[in-house]
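So the chains spell out like this:
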Amino acid sequence: MSLALEAAWKVLLIGLVLGAGLPTLFAFGIRAMAWGQGGEAEVHAAGAAAAGPHPVGRALGIACFALVVAAVLLGIAYVVGFGLGKELSFEHVYPTIRDKG
């Protein structure tokens, strides 16, 4: 029973990180890009002057999108490697697909 609860906890944690974390990170990227664009793309109070563009917002948006794309590509690499009977290794810092064992 303890082993089943431990496995369920891991599945729940990964589900929260990937199932809610990646869409949330993508939403932050969209919001950061709106802030980076400035003007009417950004939410501001009624009657207030629209703010100018913010280069930091654009950089944050690109970073958020890059992390989401990297996570998706890493997931695809894991699924393909597992389907071919191999494993994903981070032995050389970057992920590589290698033979099991």
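Up top you'll find the structure we're talking about.
Read on for an overview of the structure. Residue indices begin from 1 for each chain and proceed along its sequence in written order. Where totals are concerned, whole chains, interfaces and linings use all residues; where local detail is concerned, this predicted model gives features only for residues with pLDDT of at least 70, and gives and counts side-chain atom pairs only at 80 or more. The basis for every side-chain value is the complete set of non-hydrogen atoms in the structure, without hydrogens or water.

1. Here's the deal with the overall build of the protein chain
The following threshold applies: Only DSSP runs of H or I with at least four residues qualify as helices, and only runs of E with at least two residues qualify as strands; both kinds are numbered from the N terminus onward. The globule rule used for comparison is 2.2 Å times the number of residues to the exponent 0.38, while the radius of gyration itself is calculated over C-alpha atoms. Relative accessibility under 20% of the residue-type maximum defines a buried residue, over 50% an exposed one, and the middle range a partly exposed one, all with a 1.4 Å probe and only protein chains included.
Helix and strand counts for the protein chain stand at 2 helices and 2 strands. Listing every helix and strand of the protein chain by position from the N terminus yields α-α-β-β. Taking 2.2 N^0.38 as the reference for a compact globule, 101 residues should give roughly 13 Å; the C-alpha atoms of the protein chain span a radius of gyration of 20 Å, well beyond that estimate. C-alpha extents for the protein chain along the principal axes are approximately 65 × 35 × 20 Å. Across the 101 residues in the protein chain, those meeting the buried criterion constitute 13%.

2. Description of the pattern of salt bridges
Formally: We define a salt bridge as a contact between a side-chain nitrogen of Lys or Arg and a carboxyl oxygen of Asp or Glu at a distance within 4 Å.
Throughout the structure, instances matching the rule amount to 4 salt bridges. A salt bridge links D99 to K86; the nearest nitrogen and oxygen atoms lie 2.5 Å apart. Pair noted here: D99 is in strand β2 (residues 94-99) and K86 is in strand β1 (residues 86-92), with a separation of 13 residues, a long-range link. Owing to a relative accessible area of 27%, K86 belongs among the partly exposed residues under this scheme.

3. Some remarks on a nonpolar patch on the surface
The criterion, for reference: The residues that make up patches have over 30% relative accessible area and no salt bridge, and they are joined within 9 Å when like-charged or within 5 Å when they are Val, Leu, Ile, Met, Phe, Trp or Tyr. Each accessible area value is a Shrake-Rupley result obtained with a 1.4 Å probe; residue values ignore everything except the protein chains displayed when judging cover.
A cluster of nonpolar side chains, contributed by W9, L12, L13, I14, L16, V17 and L18, occupies part of the molecular surface with about 720 Å² of accessible area. With respect to the helices and strands, L16 occurs in helix α1 (residues 2-37).

4. Brief notes about the environment of P23
Checked against the element boundaries, P23 lands in helix α1. Residues P23 and L74, spaced 51 residues apart in sequence, show a C-alpha to C-alpha distance of 16 Å.

5. Overview of the side chain of S89
Just so we agree on the cut-off: Nitrogen and oxygen atoms within 3.5 Å of one another constitute a polar contact, given that in protein one can donate a hydrogen and the other can accept it, and given that sequence-neighbouring residues count only through two side-chain atoms. Any two residues having at least one pair of non-hydrogen atoms within 4.5 Å are treated as being in contact.
As for its placement among the helices and strands, S89 is situated in strand β1. For S89, a relative accessible area of 6% puts it in the buried group. Within the structure, the side chain of S89 is placed 3.1 Å from the backbone nitrogen of E91, a separation counted as a polar contact. In this view, S89 contacts Y94, P95, T96 and R98; residues no more than four positions away in its chain are not counted.

6. With respect to the pairing of β1
For clarity, the cut-off: Strands qualify as paired when DSSP identifies two bridges or more between them.
Strand direction decides the pairing type here: β1 and β2, joined by 5 bridges, are antiparallel. Paired with E87 across the bridge in β2 is R98. Turn length for the β1-β2 hairpin, with the two strands adjacent in sequence and antiparallel, is 1 residue, and the turn residue V93 shows positive phi of about 70°.

7. Topic: α1
This is how the line gets drawn: A helix is expected to span 1.5 Å for every residue after the first. Given a residue, its bend is the angle between the two axes fitted to the seven residues that end at it and to the seven that start from it.
An ideal rise of 1.5 Å per residue puts 52 Å on 36 residues; α1 measures up with 51 Å between its terminal C-alpha atoms. A maximum bend of about 35° is found in α1 at G21, where proline P23 lies one to four positions downstream. Here α1 has its buried residues at L22, G29, A32, A34 and G36. Among the structural elements, α2 (55-83) are those in contact with the buried residues of α1. A positive backbone phi angle near 70° is found at G38, which sits one or two residues after α1.

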